[in-house]
Amino acid sequence: MTNLNPILEARQINAWFGGTQAIRDISISAQPNTVTALIGPSGCGKSTFIRCLNRMHEEVPGASVKGQVLLSGSNIYDGGVDPVSVRRKIGMVFQKPNPFPALSVAENVAVGLRLAGISKRSVLNETVEKSLRQAALWEEVKDKLRSPGTSLSGGQQQRLCIARALAVSPPVLLMDEPTSALDPISTARIEELLNELKKQVTVVIVTHNMQQAARISDRTAFFLLGEMVEFDETATIFTNPKDRRTEHYITGRFG
Amino acid sequence: MNEDLSLRDFRRKLINWAMGAVLALAAALVLIPLLSVFAYVVKQGISSVNWNFFTQLPKPVGETGGGMANALLGTIELVLLAMLVGVPWGVATGVYLAEYGRGKFARALGFCVDLMTSVPSIVVGLFTYTILVMPFKRFSAMAGGASLAIIMIPIVARTTEELLKLVPNHIREAGLALGIPRWKVTLWIVLRGSMSGIITGVMLAVARVAGETAPLLFTAFNNSYWSFKLDQPIASLPIQIYNYAISPFEDWHRQAWAGALVLVCFVLVLNLSTRILMRQPRSTR
Ligand SMILES: Nc1ncnc2c1ncn2[C@@H]1O[C@H](COP(=O)(O)OP(=O)(O)OP(=O)(O)O)[C@@H](O)[C@H]1O
Ligand SMILES: [Mg+2]
């Protein structure tokens, strides 16, 4: 267990929706170029937690957070830190593919840079191609860069969303059940993709699919009822968990 | 027992059929005034819609001939003026209501917008008269445009608000998660995604104000000549029709019908093209 230089480290995260606490004292850390999986039954707080990692939780009306998230050592919740700049470094892909309506495939990918003030065509074009290649989508869409992003298939749309997130080159990418709305083939493609992406970004991924967590992640955190029960090497979690509840969950005895 | 059932069955079918017939008749009756108005306007006006009508100024009383060119252009000027003010203002109000409006103030504002939609247009004219005509002691294109803008604003605002509310929240979240500031997400992602719908709304609002007469009566007033000055009275199609229609001259009556026909066609074309635009498959949702 090397815990020397985590790129992302959450310390004692608590989060509320209005008066109800959704997660309690959750701490995890992720080494650079690893994939961390978050698993657990529905409603246990995985989405809430992952949204705390890039300050998206506070966009929910009435929601609040307590705790620290260190990105390369500096706390993104420090007073004076602009959530906008945090989100540029910690990207996010959602459960449902959500390309921007009325924007073309290329515009969808470029929009992050565009709205950050970069308008040079050559830079934008280059980024669009590079990001689409990274998301393993380039070959499929290179002839329809100008058609609406929403005209792609569900699996392609999700890879488009991955490309869109990658275009602003965030060192960390958060993914909340990115394959749960997709068919098995699209899912397999995204899993393959993650193996490649890992060379450039650090990934935290929520998944309901236990085999997926086992296949793609280096470390796994098991959540239950708003708390983190266990966080360890993925192999350990799946073969030799320390906690009975983890064991019950991964062997399918409740969930 | 069995007979009883089939009798009930027959009765039910009969009532069903009768209701359908009544409804179809009601619908057909609605069409009668619409079609007959249109047919009558065409019949009366078509003979006077000619080249002169579109190119010449009105002739003084007594002389025949002349046209409504200045009134046509005047209506276009007034509508453009109204759009210049009404579209940005209406869109901004709609964006506020849909994206930022929370709490009492926003609810009150939404209520006011609804009220504004139903204020009689003569009252809008009076209001504009008080604030833009009386102080300057002069009827003006500016005042006319303003009164039309006041009618446009609530229509555009409501359309914008309703369209933006159709944009699912996860689209906004996706934008925010990309590190785009909220106001840019609103403008360049949410609003832009609804653009085709908003244009439709604007076109409908234009069709609505193009035929308004009451608010122009004591704001833009009238003018027998070309007018390009914002602070001068300006002619418009509806007012010209009104003036000619109440005049005692046969020739002017004919021209009034021609004006009415042109106005009806303009509104019809706007409405039709809006419908065609709306029917196009939209990738906005
Ligand atoms: N917008 C919200 N307002 C109020 N409560 C919420 C909201 N979103 C989630 N919650 C509550 O917070 C708790 C954690 O929800 P969360 O969405 O984080 O679970 P999850 O682990 O992601 O579940 P799933 O696997 O079904 O996605 C749940 O009890 C849920 O009811
Ligand atoms: Mg979830």
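Residues numbered from 1 in each chain as written. Chains lettered and ligands numbered in written order. Predicted model: local features only at pLDDT ≥ 70, side-chain atom pairs only at ≥ 80, totals over all residues. Heavy atoms only, no water.

A. A look at helix α7 (residues 184-197) of chain A. All names here are of chain A. Here α7 is 14 residues long and its end C-alpha atoms lie 20 Å apart, about the 20 Å a rise of 1.5 Å per residue gives. Those residues of α7 that sit buried are Ser 186, Thr 187, Ile 190, Glu 191, Leu 193, Leu 194 and Leu 197. The arc that holds every buried residue of α7, seen down its axis, measures 160°, which confines them to one face. Of the residues in α7, the exposed ones pointing more than 90 degrees away from the buried face are Pro 184, Ile 185 and Glu 192. In this structure, the buried residues of α7 make contact with α4 (121-134), α6 (154-166), β7 (172-176), β8 (202-206) and α8 (210-216). One side-chain oxygen at the N-terminal end of α7 lies 3.1 Å from the backbone nitrogen of Ile 185; it belongs to Asp 183. (Helix = DSSP H or I, 4+ residues; strand = E, 2+ residues; numbered from the N terminus. Expected span 1.5 Å × (residues − 1). Buried < 20%, exposed > 50% of the residue type's maximum accessible area, 1.4 Å probe, protein only. Arc of directions from axis to C-beta. Contact = heavy atoms within 4.5 Å. Polar contact = N/O pair within 3.5 Å; in protein donor to acceptor, adjacent residues only side chain to side chain.)

B. How the structure looks around the domain arrangement of chain B. Residue and element names in this part refer to chain B. In terms of domains, chain B is made up of domain 1 (2-48) and domain 2 (53-277). Relative to domain 2, the C-alpha centre of domain 1 lies at a distance of 35 Å. Opposite the eight residues of domain 1 that make contact, domain 2 presents eight residues. Here domain 1 packs against domain 2, burying approximately 740 Å² in sum over the two surfaces, 82% of which is carbon and sulfur. Broken down residue by residue, the surface that domain 1 buries against domain 2 is led by Phe 38, Val 41 and Ser 48, which jointly contribute 60%. (Domains from an automatic or database assignment. Buried area = accessible area lost by both parts, 1.4 Å probe.)

C. Spotlight on the sheet that holds strand β10 (residues 227-233) of chain A. Residues and elements named next belong to chain A. Reading across the sheet, the six strands line up as β6-β7-β8-β3-β9-β10 and stay open at both edges, with mixed pairing between neighbours. At either margin of the open sheet sits one strand with a lone partner, and together these are β6 (90-93) and β10. For this sheet, the mean inter-axis angle between neighbouring strands, taken without regard to orientation, is 15°. Of the pairings in the sheet, the one linking β6 to β7 comprises four bridges and is parallel in character. The partner of Ile 90 across the bridge, within β7, is Val 172. Lying over the sheet, α6 contacts β6 and β7, oriented at roughly 170° with respect to β6. (Pairing = 2+ DSSP bridges. Axes fitted to C-alpha atoms, helices over the stretch in contact; angles between N-to-C directions.)

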